[in-house]
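# Reading the structure
Each chain is listed here by its residues.
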Amino acid sequence: GMLWFPYECVLYINNPVGNDFETIDGTHLPGNTDSDVLVLEAIYQNTRNFPPVICRQFPNVEDIYMEENQIEIIEADAFAACENLWRIILSFNRITRIPDGLFQNSPLLTIFEASVNEISQIGVNAFVGTQIRVFGLSNNQISDFNPHIFDPISSSLQELYLTSNQ
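Below is a short write-up of the structure. (Residues numbered from 1 in each chain as written. Predicted model: local features only at pLDDT ≥ 70, side-chain atom pairs only at ≥ 80, totals over all residues. Heavy atoms only, no water.)

Here we come to the pattern of salt bridges. Across all of its chains, the model carries 2 salt bridges by this definition. Two residues, Arg 48 and Glu 72, come together in a salt bridge whose shortest N-O distance is 3.4 Å. Taken together, the positions of Arg 48 in the loop between β4 (46-47) and α1 (53-57) and Glu 72 in the loop between β5 (63-65) and β6 (87-89) put the pair 24 residues apart, joining distant regions of the chain. A residue is classified by how much of its surface remains accessible, and Glu 72, at 28% relative accessible area, is partly exposed. As a salt-bridge pair, Arg 87 and Asp 63 come within 2.4 Å of each other at their nearest N and O atoms. On the criterion of sequence distance, the pair formed by Arg 87 in strand β6 and Asp 63 in strand β5 is long-range, its members being 24 residues apart. (Salt bridge = Lys/Arg side-chain N within 4 Å of Asp/Glu carboxyl O. Helix = DSSP H or I, 4+ residues; strand = E, 2+ residues; numbered from the N terminus. Buried < 20%, exposed > 50% of the residue type's maximum accessible area, 1.4 Å probe, protein only.)

Before going further, it helps to spend a moment on unusual backbone geometry. A positive phi angle is found at Gln 70, which is not glycine, with a value near 70°. Tracing the backbone through its elements, the reader meets Gln 70 in the loop between β5 and β6. Here Gln 70 falls in the partly exposed class, since its relative accessible area comes to 30%. Backbone geometry places Val 116, a non-glycine residue, at a positive phi of 55°. Along the chain, Val 116 turns up in the loop between β8 (111-113) and β9 (121-122). Look at Val 116 and you get partly exposed, because its relative accessible area is 30%.

Quick look at the sheet that holds β5 now. Overall, parallel pairing links the 7 strands, which are arranged β1-β3-β5-β6-β8-β10-β11 in an open sheet. Unpaired on one side and paired on the other, β1 (8-10) and β11 (159-161) mark the two borders of the sheet. For this sheet, the mean inter-axis angle between neighbouring strands, taken without regard to orientation, is 5°. (Pairing = 2+ DSSP bridges. Axes fitted to C-alpha atoms, helices over the stretch in contact; angles between N-to-C directions.)

Moving on, we come to the state of the cysteines. Using the criterion set out here, one finds 1 disulfide in the structure. The partner cysteine of Cys 55 in its disulfide is Cys 82, sulfur to sulfur 1.8 Å. Of note, the bridge from Cys 55 to Cys 82 carries an S-S torsion of about -80° and is left-handed in sense. Note that Cys 55 is positioned in helix α1 and Cys 82 in the loop between β5 and β6, a separation of 27 residues in sequence. Classification of Cys 55 as buried rests on a relative accessible area of 1%. (Disulfide = S-S within 2.5 Å.)

Moving on: the environment of Glu 22. If you trace the backbone, Glu 22 turns up in the loop between β2 (14-15) and β3 (39-41). Residue Glu 22 is classed as exposed on the basis of its relative accessible area, which comes to 65%. Separated by 35 residues in sequence, Glu 22 and Gln 57 place their C-alpha atoms 8.9 Å apart. Residues contacting Glu 22, with those up to four places away along its chain left out, are Val 53 and Gln 57. (Contact = heavy atoms within 4.5 Å.)

Per the counting criterion, the structure on display carries 9 aromatic pairs. Judged by centre distance (5.3 Å) and plane angle (70°), the ring pair of Phe 135 and Phe 150 falls under edge-to-face. On the criterion of sequence distance, the pair formed by Phe 135 in strand β10 (residues 134-136) and Phe 150 in the loop between β10 and β11 is long-range, its members being 15 residues apart. On the accessibility criterion, Phe 135 (0% relative accessible area) is buried. Here Phe 150 falls in the buried class, since its relative accessible area comes to 13%. (Phe/Tyr/Trp six-rings, centres within 6.5 Å; stacked < 30°, edge-to-face > 60°.)

Shown next, in the form of structure tokens:
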């Protein structure tokens with residue numbers, strides 16, 4: 001009857017300039033390492049870019065939850081080391097574009113939520129190699145939508161949220 005809870009890391013980020021940093025410092029619970037972190041959470045923090053160090057330092061992370069962090073930029077290689085990622089929530093930020101190939105190394109990705117941002121551009125190959133079932137981009141700045149961004153996920157997509165765009 002024991003419940004299992006994933007090992008979670010809560011980040012405190014102050015990176016307003018947006019430069020990438022090399023490591024994330026902190027103390028783990030006894031017997032745990034960076035490789036044991038499965039859930040990563042950062043809410044109400046301050047970083048201009050999504051820090052690629054997250055996926056490099058926590059190679060087994062499955063779930064990333066980063067709301068209201070002032071994120072504007074996501075580089076194309078930001079998730080290159082996130083091979084076990086199945087859910088990412090980036091809502092309530094200032095993201096302007098989703099680049100091509102962003103999740104090419106995340107074959108387990110099934111939930112992508114980036115509502116309430118300033119997204120106006122989505123790379124046609126941004127979601128190649130994923131299994132996205134739930135796709136949320138409501139309340140963004142999308143005015144010209146290329147339906148081919150769904151080609152790579154057409155067999156897995158079940159829920160699509162695009163309300164309140166341009």
